Amino acid sequence: QKEVEQNSGPLSVPEGAIASLNCTYSDRGSQSFFWYRQYSGKSPELIMFIYSNGDKEDGRFTAQLNKASQYVSLLIRDSQPSDSATYLCAVRREGAQKLVFGQGTRLTINP
Amino acid sequence: GAGVSQSPSNKVTEKGKDVELRCDPISGHTALYWYRQSLGQGLEFLIYFQGNSAPDKSGLPSDRFSAERTGGSVSTLTIQRTQQEDSAVYLCASSLLRPGEWDNSPLHFGNGTRLTVT
């Protein structure tokens, strides 16, 4: 079992709809969770992070964390074609400094 | 500098040659990481530096890979006797890890070095 799992997609969403990206992790000692966006041929850029159970909102983005079920999700409201990218989920264990990344989900927003 | 800087941006080398990849982190960032990303894959952790020491080098795939960091700043990743399976994008990231704030210290990535071994 991979430490961080994501559906590789592609996930297609019509413009203006809500895109929902999911990530599960295996280590219950995981403490903090990060979502990165990566455009083709570019480096990952941070969207947001979360470390408390519940929801965290930042503009059109909402991260949701459920430690009991070991999943974290990212919702993108009012999806735009510019949101088309690969979304990487990353997890940091308690006491560790490195981030462990999932394989990423490729998201396509259709105009 | 304004961001993490990596050089070269592209490197083509022949199998068996040694290569050096350079990373200049964001000024003041104490933590530095090397990852690699093969085509269509996620990020694979290689090594992490805190200052000049490497508390976690668990991701280095073989003894052909080594890295150092000097002056708490620039880092060099060296791959000896390159093999075709070493072809990937090598990404460097830095982070301002403050004690007690490990949980909310994200990594900031450079643009990577695309290594092609022929």
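Here, every reference points to the structure presented above.
Engineer: What is the right way to look at the sheet that holds strand β3 (residues 19–24) of chain B in this model?
Structural biologist: What holds strands together in a sheet is hydrogen bonding between their backbones, with the strands either parallel or antiparallel. Residues and elements named next belong to chain B. One open sheet holds the four strands; their spatial order is β1-β3-β8-β7, and the pairing between them is antiparallel. Every interior strand has two partners, whereas the edge strands, β1 (5–7) and β7 (65–69), have only one. Ignoring strand direction, the axes of neighbouring strands in this sheet form an average angle of 15°. Strand direction decides the pairing type here: β1 and β3, joined by three bridges, are antiparallel. Paired with S5 across the strands is D24, a residue of β3.

Engineer: Which parts of the structure should I look at to understand the state of the cysteines?
Structural biologist: All names here are of chain A. This model, assessed by the stated rule, comprises two disulfides over all chains. Paired by a disulfide, C23 and C89 hold their sulfur atoms 2.1 Å apart. Negative torsions about the S-S bond denote left-handed disulfides, and the value of about -70° found for C23 with C89 makes this one left-handed. Taken together, the positions of C23 in strand β3 (residues 19–25) and C89 in strand β9 (residues 85–93) put the pair 66 residues apart, joining distant regions of the chain. Comparing C23 with C89, the two get one shared label, buried.

Definitions and limits used
- Residues numbered from 1 in each chain as written.
- Chains lettered and ligands numbered in written order.
- Predicted model: local features only at pLDDT ≥ 70, side-chain atom pairs only at ≥ 80, totals over all residues.
- Heavy atoms only, no water.
- Pairing = 2+ DSSP bridges.
- Helix = DSSP H or I, 4+ residues; strand = E, 2+ residues; numbered from the N terminus.
- Axes fitted to C-alpha atoms, helices over the stretch in contact; angles between N-to-C directions.
- Disulfide = S-S within 2.5 Å.
- Buried < 20%, exposed > 50% of the residue type's maximum accessible area, 1.4 Å probe, protein only.

On their own, these measurements won't tell you what the molecule is for.
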